[in-house]
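Geometric and topological summary
Listed below, chain by chain, are the residues.
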Amino acid sequence: MLVVYNAEIIDKNNAGKGYIVCDEGKILDVQYDLVDRIQLEKQFPGAQFIDANGKTVMPAFIDMHVHFRDPGLTQKEDIVSGVQAASHAGFGTVVCMPNTKPVCSSVEQARDVMERAGRQNATKVFQTVSITCGFEGNSTAHLDEIDVKEIPVITEDGFDVEDSAVMLEAMYKAAKKGIVVSCHCEDKGLSKKAKVLRQNELTARAARRDHGEPLTAQMKEDESHMQENLLYANEVLRLAEDTATYRNIELAKLAGCKIHIAHCSTVESLECVRRAKKAVSEGKTGSNGFAVTCEVTPHHFGLNENCGPVIDTLVNPPVRPENDRRAVIQALKDGTADCISTDHAPHTAEDKFNGAPGFTGIELSYAVANTVLVKEEGFSRQKLSSIMSANPAEILGLNKGLVQKGMDADLVLVDTEKEWVVDSSKFYSKGKYTPFNGKKLIGKVEGLILGGNKIW
């Protein structure tokens, strides 16, 4: 038995000071009453006690979108480093993407990852499988073997299924099993065009590596042109996201499946999700099981394209203009966006220099969200708990995300007021690059309890 006391308890539904009793992996009781340890020891003899010292205890966070790069890309991240990073970031559960090497396209491959993660006795890992076998865009036969209780999400993350008929077939299969189809919405033809634009600029940049010589006027002009061309590539990727979001939602409506829009980042895509949700609430989509949820990332509500050179924030989808950032925040406020997912995408330093999109994010998720959403935008801490814990738990069908009797005893201890400066060299993740490096944030994770056991 574990008793966490002298705590400010926050979840989606409640807020107050008190104590939490955990036993056999579940929350046994929650009392909003400040009782001292002597009294609690009499009431719960032999229990382990944790003094929260007046700090905040929330449901452990849940991340529906991470890349642990294992197997095959373990120079960037592996199961051990990924789980360590997630645990020290306050995450009780994460969902790993399948774009590993080889691509995770079978139940056996997914089980291998989850079993190795389970040996860490820390953050629980769900491993997704690809929508099409090997990301080849053709066969969905492997989906016939999936059990939703074991693998609740399928995705082609990093890509999108180009053939709409194949995507529709996969969605029909997912609908029958109750599996969530997570969509990386990106028109393939447009994304190819943007990739060429990016690569041309990156190649030119590599040829202009700084060897310690002064920056000439011509080099400065070249850098300016590179910025302009990369911004144009981002606009191509805007169209790629918007058109694919519309297509995938319409396919999901026809198939009657649960669709989850990953890393939504534009005004237009968010409005597409908003319209679809409204249609569901008004009963205009029939009763065939169609539902849509949506995630946004800390870098899409914490940064905009003016925060520095585009080359420093290369990610898919791109960091957007300020009006898109505001739209992401508004979507979280009004419920269009259901949850925050990090799209944690670690790379080696060399890969980042060569233009690999994405960066390490999981260890900053709570602090960025607390700083931007709570401190700057006025979100309540209950709202933050909803979008970091309760809502993703509901999407995944988990008995987690709330501090109440009978729920899994996954809890995180946070200091909501602690100010600190990001030093990525101290990350548990192998990936050390983040555009937030050196920035001051407010809010720090200070402990994790999973299944009623103190992890750290």
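See the structure shown above.
Residues numbered from 1 in each chain as written. Predicted model: local features only at pLDDT ≥ 70, side-chain atom pairs only at ≥ 80, totals over all residues. Heavy atoms only, no water.

**Focus on helix α7 (residues 267-281)**
Basically, it comes down to this: Strands are runs of DSSP state E lasting at least two residues, helices are runs of H or I lasting at least four, and both sets are numbered from the N terminus onward. Expected span, for any helix, means 1.5 Å times one less than how many residues it has. Only protein chains enter the accessibility calculation, which uses a 1.4 Å probe. A residue is then buried if its area is under 20% of the maximum for its type, exposed if over 50%, and partly exposed in between.
Taking 1.5 Å per residue, 15 residues should reach 21 Å; α7 reaches 21 Å between its end C-alpha atoms and fits that length. Within the span of α7, buried status applies to S269, L270, C272, V273, A276, K277 and A279. One or two positions beyond α7, positive phi appears at G283, with a value near 70°.

**Some words on the sheet that holds strand β9 (residues 153-155)**
Counted only if it meets this: We treat two strands as partners when DSSP finds at least two bridges between them.
Sheet architecture is open: five strands sit in the order β9-β10-β11-β12-β13, paired in parallel fashion. Of all strands in the sheet, those bounded by a partner on one side alone are β9 and β13 (339-340). In this sheet, strand β12 (residues 291-296) lies alongside strand β11 (residues 258-261) in parallel orientation, the contact comprising four bridges. Pairing of K258 across the sheet is with A291, part of β12.

**Focus on the sheet that holds strand β7 (residues 91-96)**
One key point about sheets: their strands pair by backbone hydrogen bonds, in either a parallel or an antiparallel sense. The test is simple: What counts as an axis is a line fitted to C-alpha atoms, over the stretch in contact for a helix, and the angles between N-to-C directions run from 0 to 180 degrees.
In space, the three strands of this open sheet follow the order β6-β7-β8, with parallel pairing throughout. In this open sheet, the two edge strands, each paired with only one partner strand, are β6 (61-66) and β8 (124-127). Ignoring strand direction, the axes of neighbouring strands in this sheet form an average angle of 15°. Pairing of β7 with β8, which is carried by four bridges, proceeds in the parallel orientation. Bridge pairing in β8 places T93 opposite K124.

**What about the layout of surface pockets?**
If you roll a probe as big as a water molecule over the atoms, it shows you where there is empty space left. Let me state the cut-off plainly: Grid points spaced at 1 Å and placed over the protein atoms alone form the basis of the search, with a cavity being a set where a 1.4 Å probe fits but cannot get out and a pocket an open set showing protein on both sides within 12 Å along at least five of seven lines. Lining residues have an atom within 4 Å of a point. Grid points are joined across faces, edges and corners, and a volume is the space filled by probe spheres set on the points. Here the term charged refers only to Asp, Glu, Lys and Arg, the term nonpolar to Ala, Val, Leu, Ile, Met, Phe, Trp, Tyr, Cys and Pro, and the term polar to all other amino acids, Gly among them.
By volume, the largest pocket amounts to about 1000 Å³. In terms of lining, the largest pocket is formed by 35 residues, of which the most central are G158, F159, K195, N316 and P357. The dominant element in the lining of the largest pocket, judged by the number of residues it contributes, is helix α5 (residues 188-207), at eight residues. Considered class by class, the residues forming the lining of the largest pocket number ten nonpolar, 13 polar and twelve charged. By volume, the second largest pocket amounts to about 450 Å³. Counting only elements with at least two residues in the lining of the second largest pocket, the list comes to β11, α7, β12 and α12 (381-396). Broken down by class, the residue content of the lining of the second largest pocket amounts to eleven nonpolar, six polar and five charged.

**Section: the nonpolar core**
Filter applied, for reference: By convention a nonpolar core is built from buried Ala, Val, Leu, Ile, Met, Phe, Trp, Tyr and Cys residues, the set being connected through side-chain atoms within 4.5 Å. Contacts are assigned to residue pairs with any non-hydrogen atoms lying within 4.5 Å of each other.
Residues M171, I261, F301 and L373 are the most contacted members of the largest nonpolar core, which totals 91 residues. For this core, the element with the most residues is helix α11 (residues 365-376), which contributes seven residues. Apart from the residues lying within four places of it in its own chain, the contact partners of M171 are V181, C183, N248, L251, A252, A255, C257 and I259. Among the nonpolar cores identified, the runner-up in size contains 19 residues, and A7, V30, I50 and L411 belong to it.

**Description of the pattern of salt bridges**
Keep this limit in mind: Basic side-chain nitrogens of Lys or Arg form a salt bridge, by our definition, when they fall within 4 Å of a carboxyl oxygen of Asp or Glu.
Counted under the stated rule, the structure contains 30 salt bridges. Taking the shortest distance from any N to any O, the salt bridge between R247 and D160 comes out at 3.5 Å. Residue R247 is found in helix α6 (residues 217-255), and its partner D160 is found in the loop between β9 and α4 (164-177); the two are separated by 87 residues along the sequence. According to the relative accessible area criterion, D160 is buried, its value standing at 9%. Salt-bridge contacts for E377 lead to K333; the nearest nitrogen and oxygen are separated by 3.9 Å. On the criterion of sequence distance, the pair formed by E377 in the loop between α11 and α12 and K333 in helix α9 (residues 322-334) is long-range, its members being 44 residues apart.

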